[in-house]
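Structural overview
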Amino acid sequence: MRIVFLGDSITDCDRNREDTKSLGNGFVKILANKLLPIYPDTDIELINKGISGNEVCDLLARVQRDVIDLQPDAAVIMIGVNNTLHKFKYGKELNLKQFESDLTELLTRIKEAGIVIIFLEPFLLPAPDKLRMRKLFNEELKIIDTVAPKLCDEFVAYDEMFNGLAESIPYTEYSADGVHPTHRGSRLIADTAIKAIRKHLL
């Protein structure tokens, strides 16, 4: 079974772009280390196609090459937080209607290729410099939380999970900057994503 991971820096996590077997140092690698020993007699290939800085439109632009052409059995996608971050960091406009259109087309193209889609919801933790982003991110999440569950085979919600934990534990345990997960945060992503993936292992 071939599984492609598509996303931004949270998926990428310093993977070696010259090595197709490089899984980076984040949740994809942790997930692989947990998943593969469970199925020692199953041929499972994990491919990391995360690219730091990507937005939904970037995934759409490369979905044919980096997902469909690879003919995977499943695609694990986490994307969306940069669409909000880049608005505040670079002044890049976030057109929510275009965002919804791009996300819908991205997921539809993968689905029509007969690929199982496991969508991992993006999240934003309450770092002081991220608080002003929350309102816009919530608007984006409304779109994601409406579109993705309809088109995907599995939808794993992280924003409420992480923010709920941050009510009793410092958010820095899971992400120092509110966006990029610590090792503990990456473990949590891997532990929950693996449950969704296992439902579809051939």
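What counts as what
- Residues numbered from 1 in each chain as written.
- Predicted model: local features only at pLDDT ≥ 70, side-chain atom pairs only at ≥ 80, totals over all residues.
- Heavy atoms only, no water.
- Pairing = 2+ DSSP bridges.
- Helix = DSSP H or I, 4+ residues; strand = E, 2+ residues; numbered from the N terminus.
- Axes fitted to C-alpha atoms, helices over the stretch in contact; angles between N-to-C directions.
- Parallel < 35°, antiparallel > 145°, perpendicular 65-115°, else oblique.
- Left-handed = near helix turned anticlockwise from the far one by under 90°.
- Contact = heavy atoms within 4.5 Å.
- Nonpolar A, V, L, I, M, F, W, Y, C, P; charged D, E, K, R; others polar.
- Salt bridge = Lys/Arg side-chain N within 4 Å of Asp/Glu carboxyl O.

Bringing the sheet that holds strand 3 (residues 74–78) into the picture now. Taken in spatial order, the 5 strands line up as 2-1-3-4-5 in an open sheet, and their pairing is parallel. In this open sheet, the two strands that pair with only one neighbour each are strand 2 (45–50) and strand 5 (154–156). Adjacent strand axes in the sheet meet at a mean angle of 15° when their direction is disregarded. As judged from the 3 bridges shared by strand 4 (residues 116–120) and strand 5, these two strands associate in the parallel manner. Among the inter-strand pairings, F119 is bridged to a residue of strand 5, identified as F155.

Relative to each other, helix 5 (residues 96–112) and helix 6 (residues 134–151) sit at 20°, their axes nearing to 10 Å. Relative to helix 6, the element helix 5 lies roughly parallel. Remark: the crossing between helix 5 and helix 6 carries right-handed chirality. When helix 5 is examined against helix 6, the residues L96, F99, E100, L103, T104, L107, T108 and K111 are found in contact with a partner set consisting of E139, E140, I143, I144, V147, A148 and L151. Looking at side-chain class alone, the contact of helix 5 with helix 6 contains 9 nonpolar, 2 polar and 4 charged residues.

Further remarks concern the pattern of salt bridges. If the charged atoms of two oppositely charged side chains come close together, the side chains can form a pair. Under the defined criterion, the tally for this structure stands at 11 salt bridges. With its nearest N and O atoms 2.9 Å apart, the salt bridge here joins E173 to R184. Placement of E173 in the loop between helix 7 (159–165) and helix 8 (183–198) and of R184 in helix 8 is noted, with a sequence separation of 11 residues between them. Residues joined by salt bridges that share partners form a network here, namely R62, R65 and D66.

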